[in-house]
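Take a look at the letters that make up each chain.
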Amino acid sequence: MKLITAIVRTHKLDEVREAVGDLGVSGVTVTEVRGFGRQRGHTEVYRGAEYVVEFVPKTKIEIAVADTLAERVIEAISTTARTGKVGDGKIFVVDLEQVVRIRTGERDASAL
Amino acid sequence: MTTLSRSLLFVLLALPAPLAWADPLPAAVSAAASTAPPAPSTTEPSVILNSQINSGDTAWMLASMALVLMMTVPGLALFYGGMVRKKNVLATLMQSFAITCLVTLLWYVIGYSLAFTPGTPYIGGVSRLFRNGVIYIKDVAAAAATKDTPAVAAVIGKVSVSHLGVTIPETVYAMFQLTFAIITPALICGAFAERMKFSAMLWFMAIWSIIVYAPIAHWMWEPGGWGATAGVLDFAGGTVVHINSGIAALACALALGKRVGLNKEPMAPHNLVLTVIGASLLWVGWFGFNAGSAVAADGRAGMAMAVTQIATAAAALAWMFMEWTIKRKPSVLGIASGAVAGLVAITPASGFVMPTPAVIIGIAAGVICFLAATSLKKALGYDDSLDAFGVHCIGGTVGALLTGVFASAALDGGQAGSVVTQLKGVLATLVYGFVVSYLILKVIDVTIGLRVTEEEEREGLDVSLHGEHVE
């Protein structure tokens, strides 16, 4: 099992959700986050006062999937979240040791 | 604030006047007992028959009072509230709201009398303390209740009027002027946002309202005031309201010093939607302010309304294009600020100028106030947090001086404008306003202190002063 964490542009969330849904992913966790990568921030000007906004708002998507599905999910996120400009985000993939469905106590593959 | 000082303030507000709740019987009315309708005086408040009141004028002035009150709560409160950081939004709204309440009582106790009754050229009299003598007695019921008293019989079916508005009841005139007395100190709040103690703010506003606002209103508006006598033109308060509040704002910015973390930490406005709603309410309310200052529902009010709209649009676009050119983007805060600058600048001119000069006044205000709020502030280094000085003092001065250039004799009954005379009014207000405001602030600073502690400031005034927060 893999835990896929994708940081994407906020407005790309719906497209990503649809694409991974089509692949059969049954659960997604979404968080609004702020951070910076190569995009850095941007400058805002209020009545001549300039503020550098260092942390850019992004959306973090977390998906736990079976190993067999992982590559296709990564591919789907990469394709749908891409604009080609700096700031499209990143995908982190880690091995997942255990999954528990709280309601039934099911474990691992059957809990996904 | 100590318990002692709090109770002193309460006593100041609640001090009973011996005559305040007895039947009001002004000395001036005793002569008016003949059957012919009394002619209202043009030099002091007088008493006329109820039937002499003009219902059209009165209806418009009742509406104007409500419009101008709306400028402060919620207009100005939202305008400023959106520009501060989220941790200070309630404290900022609270300032406007509390000033509205505080000044209302002070106006009833003393402010109205000092501003709008005859006295010396520098300050009005005390004849209207606690609204003494401001009367209205309905014909039939009052006659039945009080027919045995000759002094009351003399005023049955009569109403007092101010000499500044002889076709409307004095109550309406006094309440209309109250809303100006409210918004003027509330405008100052922009300079000390996010760092002033609430108790110090209440003391400052109470004292300022009595010893700065009331005299300057008397100078410029009461016919016996030295400014009015000298021919200083201030139709709706460019000098009395905007230069006055703006220069007091500069005194506050200098006396309080900069906010902790200025130019190091982000201090961007937390919600410009509130600011735009506030600016829009100010704009709408300003028709009560300017067109209402005709104190009549007449052609002059109509002209004041037209030039107000035109100058505001011109100033908003001027600010927007300046910003677009210099800072690359036309910002929402910019166009809203430009609109307020235009409203400020057309205020003294509104009953005196035609639409074409209004366009010029608007453009001048938009450009000059933009430079004041962006470059001048940066160059001089004071922390006028929300640009109360940059917009109101500078915009008010632009308007006051250009009123001298463009005032049309056709609109104001033959009185031509003069830049030199206008300059006298502006300078007197700047000097008196700055010196007295700064002195009040210094006295408060050594007694109860002006600023919150650095810890309270960092935590935010909402929680540290008011024990509340949004969300």
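All of these numbers come straight from a predicted model, not from anything done at the bench.

**What to know about the overall build of chain A**
Across its full length, chain A holds two helices and six strands. Along chain A, helices (α) and strands (β) appear in the sequence β-α-β-β-β-β-α-β when read from the amino end. The principal-axis extent of the C-alpha atoms belonging to chain A is close to 60 × 30 × 20 Å. Residues classed as buried in chain A amount to 20% of the 112 residues present. Expressed as a percentage of contacts within chain A between residues at least 6 apart in sequence, the contacts between residues at least 24 apart total 70%.

**A short note on the overall build of chain B**
Secondary structure assignment for chain B yields 17 helices and two strands. For chain B, the residues scored as buried account for 55% of the 471 residues in total. Partitioning the contacts of chain B with sequence separation of at least 6, the portion at a separation of at least 24 is 78%.

**Digging into the sheet that holds strand 5 (residues 56–65) of chain A**
Residue and element names in this part refer to chain A. Strand order across the open sheet formed by four strands is 2-5-1-6, with antiparallel pairing between neighbours. This sheet does not close on itself; its edge strands, each paired only once, are strand 2 (29–35) and strand 6 (89–95). Across the sheet, the mean angle separating the axes of adjacent strands is 20° when strand polarity is ignored. Sheet analysis places strand 2 next to strand 5, joined by seven bridges and oriented antiparallel.

**Quick word on the pairing of strand 1 (residues 2–8) of chain A**
Residue and element names in this part refer to chain A. Bridge analysis of strand 1 against strand 5 gives seven bridges, and the strand direction is antiparallel. Residue Val8 lies in a different strand from strand 5, and its bridge partner there is Thr59. As paired strands, strand 1 and strand 6 are joined by seven bridges and run antiparallel to one another. From the neighbouring strand, Thr5 faces strand 6, where its bridge partner is Phe92.

**Quick notes on the nonpolar core**
Residues B:Ala249, B:Cys252, B:Leu282, B:Ala315, B:Trp319, B:Ala365 and B:Cys369 are the most contacted members of the largest nonpolar core, which totals 161 residues. Discounting chain neighbours no more than four positions away, the residues touching B:Cys252 are B:Ile188, B:Ala191, B:Phe192 and B:Leu441. Ranked by size, the runner-up nonpolar core spans 15 residues in total, among them A:Ala6, A:Leu13, A:Val16 and A:Ala19.

**Here we look at the interface of chain B and chain A**
Every contact between the two is made by twelve residues of chain B and, on the other side, six residues of chain A. Among the elements of the structure, helix 12 (332–346) and helix 13 (355–380) of chain B are those that each provide at least two residues to the side of chain B that touches chain A. Ranked by residue count, the leading element in the side of chain B that touches chain A is helix 13 of chain B, at four residues. Among the residues forming the side of chain B that touches chain A, the class breakdown is five nonpolar, four polar and three charged.

**A look at the environment of B:Val159**
Residues and elements named next belong to chain B. Turning to its location among the elements, Val159 is positioned in strand 2 (residues 158–161). On a C-alpha basis, the gap between Val159 and Asn263 in space is 57 Å, while along the polypeptide they are 104 residues apart. Once you skip the residues sitting within four places of it in the chain, Val159 turns out to touch Val47, Ile48, Asn50, Ile53, Ile135, Tyr136 and Pro169.

**Re unusual backbone geometry**
All names here are of chain B. Here the residue pair Val73 and Pro74 is connected by a cis peptide bond, since its omega of 5° sits within 30 degrees of zero. Secondary-structure assignment places Pro74 in helix 2 (residues 55–81). Positive phi is not limited to glycine here, since Glu194 has a value of about 75°. Tracing the backbone shows Glu194 in the loop between helix 6 (170–188) and helix 7 (198–221). Since 23 C-beta atoms lie within 10 Å of it, Glu194 is described here as buried. Non-glycine residue Val295 carries a positive phi angle of around 50°. With respect to the helices and strands, the residue Val295 is situated in the loop between helix 10 (272–290) and helix 11 (299–327). The exposure class of Val295 is buried, given the 23 C-beta atoms found within 10 Å.

**Observations concerning the confidence of the model for chain B**
Residue and element names in this part refer to chain B. Scored by pLDDT, chain B has a mean of 90; 89% of the residues are at 70 or more. Under a pLDDT of 50 for its full length, residues 14–34 has, in the predicted model, 26 contacts with residues more than four places off or in other chains. Model confidence for the complex is summarised by a pTM of 0.85, with the ipTM given as 0.72.

**Section: the environment of B:Gly351**
Residues and elements named next belong to chain B. Assignment of secondary structure puts Gly351 in the loop between helix 12 and helix 13. Given 25 C-beta atoms within a 10 Å radius, Gly351 is considered buried. Spatially, the C-alpha atoms of Gly351 and Val284 are 17 Å apart, while their sequence positions differ by 67 residues. Setting aside residues no more than four positions away along its own chain, Gly351 makes contact with Phe235, Ser293, Ala294, Arg300, Ala304, Leu411 and Asp412.

**Re the environment of A:His42**
Residue and element names in this part refer to chain A. Turning to its location among the elements, His42 is positioned in strand 3 (residues 42–46). A residue is classified by how many C-beta atoms lie within 10 Å of it, and His42, with 11 of them, is exposed. When the C-alpha atoms of His42 and Thr80 are compared, they prove to be 24 Å apart, with 38 residues separating the residues in sequence.

**What to know about the packing of helix 13 of chain B against helix 14 (residues 388–406) of chain B**
Residues and elements named next belong to chain B. Running from amino to carboxyl end, helix 13 crosses helix 14 at an angle of 150°, the nearest separation of the two axes being 9 Å. Comparing their axes, helix 14 and helix 13 come out roughly antiparallel. Of the two possible hands of crossing, helix 13 and helix 14 adopt the one that is right-handed. On the side of helix 13, the interface is formed by Pro357, Ile361, Ala364, Ala365, Ile368, Cys369, Ala372, Ala373, Leu376 and Lys377, while helix 14 contributes Gly390, Val391, Ile394, Gly395, Val398, Gly399, Leu402 and Phe406. Tallied by class, the residues present in the contact of helix 13 with helix 14 amount to 14 nonpolar, three polar and one charged.

**Some details on helix 3 (residues 89–116) of chain B**
Residues and elements named next belong to chain B. Between its first and last C-alpha, helix 3 extends only 35 Å over 28 residues, short of the 40 Å set by a 1.5 Å rise per residue. Remark: the principal bend of helix 3, roughly 70°, maps to Trp107. Counting buried residues along helix 3, 22 of its 28 residues qualify, which places the element largely inside the surrounding structure.

**Topic: the packing of helix 6 of chain B against helix 7 of chain B**
All names here are of chain B. Put simply, helix 6 and helix 7 touch, their axes get as near as 10 Å, and they point 120° apart. Here helix 7 runs oblique to helix 6, going by the angle between their axes. Remark: the crossing between helix 6 and helix 7 carries right-handed chirality. Between helix 6 and helix 7, the residues in contact are Ala181, Thr184 and Pro185 and Met205, Trp208, Ser209 and Tyr213, respectively. Its residues assigned to classes, the contact of helix 6 with helix 7 comprises five nonpolar, two polar and no charged.

Reading the values: the criteria
- Residues numbered from 1 in each chain as written.
- Chains lettered and ligands numbered in written order.
- Predicted model: local features only at pLDDT ≥ 70, side-chain atom pairs only at ≥ 80, totals over all residues.
- Helix = DSSP H or I, 4+ residues; strand = E, 2+ residues; numbered from the N terminus.
- Buried ≥ 20, exposed ≤ 12 C-beta atoms within 10 Å, placed from the backbone.
- Contact = placed C-beta atoms within 7 Å.
- Pairing = 2+ DSSP bridges.
- Axes fitted to C-alpha atoms, helices over the stretch in contact; angles between N-to-C directions.
- Core = buried A, V, L, I, M, F, W, Y, C linked by C-beta atoms within 7 Å.
- Nonpolar A, V, L, I, M, F, W, Y, C, P; charged D, E, K, R; others polar.
- pLDDT = per-residue confidence, 0-100.
- Parallel < 35°, antiparallel > 145°, perpendicular 65-115°, else oblique.
- Left-handed = near helix turned anticlockwise from the far one by under 90°.
- Expected span 1.5 Å × (residues − 1).
- Bend = angle between axes of the 7 residues up to and from the residue.

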